[in-house]
Amino acid sequence: MAEKWTGANLGFNISIATALLLLPSLAWAHVEQGQAAGFFTGMEHPWSGLDHILAMIAVGLWGAQLGSPALWVLPIAFPMMMTVGAMMGLMGIPVPGVEVGIALSAVLLGLMVLCEARPKLPISVMLVGFFAIFHGHAHGTELPPGQSGLLYSMGFVIGTGLLHGVGILIGLLHRFSFGRIVLRGAGAFILGMGCFFFWQAVT
Amino acid sequence: MKRGCIQRTGALVLGVLGVIFLLPAAAFAHLVTTGMGPVYDGIGHLLLTPEDLVPVIALSLYCGMRGARAGRYAMFMLPLAWLLGGLVGLNLDLDVTIPVPALSFLLLGGLIAADANLPDQLIGPMTVMIGLLHGVFNGLVLKSGPGGPALLGIMGALFVLVALMSAFVVSLERPWTRIVVRVMGSWVAASGMLMIGWYFRGQLS
Amino acid sequence: MYRLIFLFIFLFWAGLFQPALGHESQPGSVELVEIGEDRYRVTWKAPIYYGKPHPARLELPESWQTLGQPTERRRANDIVFERVVTIGQRGLDGSILKFPGLETTITDVYVRVKRADGSQATSVVRPTKPWTELRGERPWYETSREYLFLGFHHILLGIDHLLFVLGLLLIVKNRVMLIKTITSFTVAHSVTLGIATLGYAQAPLPPLNAAIALSILFLGPEIVRVKRGQTSLTIRYPWLIAFGFGLLHGFGFASGLSTTGMPQAELPWALLCFNVGVELGQLLFVFTALGLVWAFRTLQVHWPRWVLWLPGYTVGSLGAYWTIQRTVMLIRGF
């Protein structure tokens, strides 16, 4: 049930987000082709790995459960710390166990959503920020040759932000009592998938 | 503007210009041709160069968050500083590689995301500094293209852009709308961080 | 006294920027007429550009052979280059005409091909892409886009038209009046633009330009009257004035849309797109101006008194300057 619900909502939101993604193409119509391509490559990138998608949606969901100020502090903290991770990747600073870290992030964030855990704000921010480093290290460093680094970066960050937005939109269900159960179900799903990724990463 | 503030601004201007003269750096060389003369080329250049456009928008948003006074200041000082920097850049012959846009992204995005309450004495010089730096780089790029008249177009576009954007933020009343602005600021800062990463990667290889 | 000083500053300023501001973008044109088997007469009309021969050249494909002696005629507004060419076996389709030097200017060039079977094709070359590939048929959206941009550019470069709109904005007092005024200006210039383009009426350019300048000059004193709290027919019914002078401005817009020899079927559509482009440019200008006024109020800008008088005096003094200048040109028969 939970899985089906999330799937349907995700599809809907992805279609909205896609429409949003297409809008800027009007504005960029004048920019050289290669440059604009950088923006869209960057934007698509966060949407390319399921582990990544689930963890970021979980951030949005958890934020929605916690309510303000975590609702917006978490989605601000994640991209910033993620780019710190990406910067470390770009500067050649190694981060051990990236894949394991990403899988663990899905496990822990899914667990938080499932339990509707309410730690103090600094603790939740630190948790999210810590795992964001792994995501950034793994995904932020793959600039296709010949594309603008700036536009790729902006696209990448905005793509990530939109994923949080998807999570927050789903999280609006939190207002209704049945919605809370659905959210927890989604948390359970993310937890389950996280365990699967973890098993994949370890073996 | 108190007298002390003007003095500090002046010192900063000299400092920044000194830094530019001393450090080498790379211009972002792509020019826009609108086919409508240099003034419109300048406007087009600003609007289609995210390295300049995003910091300008970020500065307007930040000044808007700080209130009408800061917005007014940015509206007048940013174009003037930009023009001054541009005139300097037009007459310089440099090959510079400071990631200035990345640093502006990081600074301004961070300030917006944190909703940092900087005193007026700092906002003013910061605005001037950003205008000067970006102006110098613009001047370096424009030298090989439309030149001085394009700076006038850029100035006009800056004035309009800053006025509209910061007035927009000043007019926001609901708390959540300010939060949306802060989230956008965090995105700008994050992009800046990534750009610095790219810069170091370029230095390493 | 201050006002007098500002008037002088403005006249000086207007004189300084005059070449850039008073620009009526005169397009160039290239006509290829089939006069025999693989034989075409090429006519390249290069407009005079700021008093000098136009910097752009026409470069024909290398495989084309010139027959006989090319001719060159200098006229008041342009230089006409004419030659007859054979285009060889490969035919016209796919050949590329280049315009080296056009990229440094703001001139658009119309290219027309008339074949012996009566079919025609047109395209517009712009400084951003100073070449064109000759083709028989072009998809409608390409034509529309071309004319849309042409109209948009024409109004943004026609500072005199924008100044007139600015004057109207300074006279109207409320939103309803604003909508009425802008709409009637739009309707009026669309009507004359259509009439002129479809060939029902023509206005000679020099007197027309002088009259347009006069319409701007006319608004100057009216703006001052508004500021002083006085009233007049114009201030009570600005839409009336907008309509009357709009008829004049429409003829001015028509000078930017040269259609001689354009296929009849394409004409109304091109006209419509051109007009839509003009309206879009005008709306962009109006909304930017209104947005700025709103922004100044929101940011609580307190302008010094003289700044408040500035827009009115700009409109008035530039209008006066152009009127004098264009009248002198008219009398000299230049």
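Coordinates for the structure precede this section.
Below is a summary of the structure that appears in this document.

The rules behind the values
Residues numbered from 1 in each chain as written. Chains lettered and ligands numbered in written order. Predicted model: local features only at pLDDT ≥ 70, side-chain atom pairs only at ≥ 80, totals over all residues. Helix = DSSP H or I, 4+ residues; strand = E, 2+ residues; numbered from the N terminus. Buried ≥ 20, exposed ≤ 12 C-beta atoms within 10 Å, placed from the backbone. Contact = placed C-beta atoms within 7 Å. Nonpolar A, V, L, I, M, F, W, Y, C, P; charged D, E, K, R; others polar. Pairing = 2+ DSSP bridges. Axes fitted to C-alpha atoms, helices over the stretch in contact; angles between N-to-C directions. Core = buried A, V, L, I, M, F, W, Y, C linked by C-beta atoms within 7 Å. Domains from an automatic or database assignment. Parallel < 35°, antiparallel > 145°, perpendicular 65-115°, else oblique. Left-handed = near helix turned anticlockwise from the far one by under 90°. Expected span 1.5 Å × (residues − 1).

### Quick notes on the overall build of chain C
- Per the secondary structure count, chain C includes nine helices and eight strands.
- Counting every position in chain C, which comprises 334 residues, the buried fraction comes to 35%.

### Brief notes about the overall build of chain B
- Counting its secondary structure elements, chain B contains eight helices and zero strands.
- If you list the helices and strands of chain B from N to C, you get α-α-α-α-α-α-α-α.
- Restricting the contact set of chain B to residue pairs at least 6 apart, pairs at least 24 apart contribute 89%.

### Overview of the interface of chain B and chain A
- Taken together, the contacts link 21 residues of chain B with 25 residues of chain A.
- Elements with a contribution of two residues or more to the side of chain B that touches chain A: helix H3 (50-66) and helix H8 (175-204) of chain B.
- Looking at the side of chain B that touches chain A, its residues break down into 15 nonpolar, three polar and three charged.

### Quick notes on the sheet that holds strand E6 (residues 109-114) of chain C
All names here are of chain C.
- The six strands lie next to each other as E3-E4-E2-E1-E6-E7, forming an open sheet whose pairing is mixed. Each of the sheet's edge strands pairs with one partner strand only, and the pair in question is strand E3 (65-74) and strand E7 (120-125). The sheet shows a mean angle of 15 degrees between the axes of neighbouring strands, taken without regard to direction.
- As paired strands, E3 and strand E4 (residues 78-86) are joined by seven bridges and run antiparallel to one another. Within E4, the position partnered with Arg-74 by the bridge is Ile-79.

### Here's the deal with the interface of chain B and chain C
- Across the boundary between the two partners, chain B contributes 17 residues, which contact 19 residues of chain C.
- Going through the elements one at a time, helix H4 (68-90) and helix H7 (148-171) of chain B are the ones with two or more residues in the side of chain B that touches chain C.
- No other element matches H7 of chain B, which puts seven residues into the side of chain B that touches chain C.
- In terms of residue class, the side of chain B that touches chain C is built from nine nonpolar, seven polar and one charged.

### Digging into the nonpolar core
- If you look at the biggest cluster of nonpolar residues, it comprises 197 residues, and the most contacted ones within it are Ala-58, Ala-106, Leu-109 and Ile-190 of chain A together with Ile-112 and Leu-158 of chain B.
- Counting contributing residues, this core receives three or more from each of domain 1 (2-24 + 158-332) and domain 2 (30-138) of chain C.

### Section: the pairing of strand E2 (residues 39-47) of chain C
All names here are of chain C.
- Here strand E1 (residues 28-36) pairs with E2 via seven bridges, running antiparallel. Paired with Ser-29 across the strands is Lys-45, a residue of E2.
- The turn joining E1 and E2, which pair antiparallel and follow one another in sequence, is formed by two residues; a positive phi near 55 degrees is taken by Asp-38.
- Sheet topology places E2 next to E4; nine bridges connect them, and they run antiparallel. From the neighbouring strand, Arg-39 faces E4, where its bridge partner is Thr-86.

### Things to note about the packing of helix H5 (residues 98-115) of chain A against helix H8 (residues 177-202) of chain A
All names here are of chain A.
- Viewed as axis vectors pointing N to C, H5 and H8 meet at an angle of 160 degrees, and their least axial separation amounts to 7 Å. Between H5 and H8, the angle is such that the two are roughly antiparallel. Classified by chirality, the crossing of H8 by H5 is left-handed.
- Considered class by class, the residues forming the contact of H5 with H8 number 20 nonpolar, three polar and two charged.

### Observations regarding the packing of H4 of chain B against helix H6 (residues 120-142) of chain B
Residues and elements named next belong to chain B.
- Their axes nearest at 6 Å, the elements H4 and H6 cross at an angle of 35 degrees. As for the relative orientation of H4 and H6, their crossing is right-handed in sense.
- Within the contact of H4 with H6, the residues separate by chemical class into 20 nonpolar, ten polar and two charged.

### Quick look at the pairing of E7 of chain C
Residues and elements named next belong to chain C.
- Note: E6 against E7, six bridges, orientation antiparallel. The residue bridging Tyr-110 from the neighbouring strand is Val-124, located in E7.
- In textbook terms, the turn of a hairpin is the stretch between consecutive antiparallel strands, and for E6 and E7 this stretch comprises five residues, one of which, Gly-118, has a positive phi near 90 degrees.

### Some words on H3 of chain B
All names here are of chain B.
- The terminal C-alpha atoms of H3 lie 24 Å apart, and with 17 residues this matches the ideal 24 Å at 1.5 Å per residue to within 8%.
- Within H3, 15 of the 17 residues are buried, leaving the element largely enclosed by the surrounding structure.
- Residue Gly-67 follows H3 closely and has a positive phi angle near 115 degrees.

### Some details on the environment of Thr-41 of chain A
- Tracing the backbone shows Thr-41 of chain A in helix H2 (residues 33-44).
- Spatially, the C-alpha atom of Thr-41 of chain A lies 7.2 Å from that of Gly-155 of chain A, the residues being 114 residues apart in sequence.

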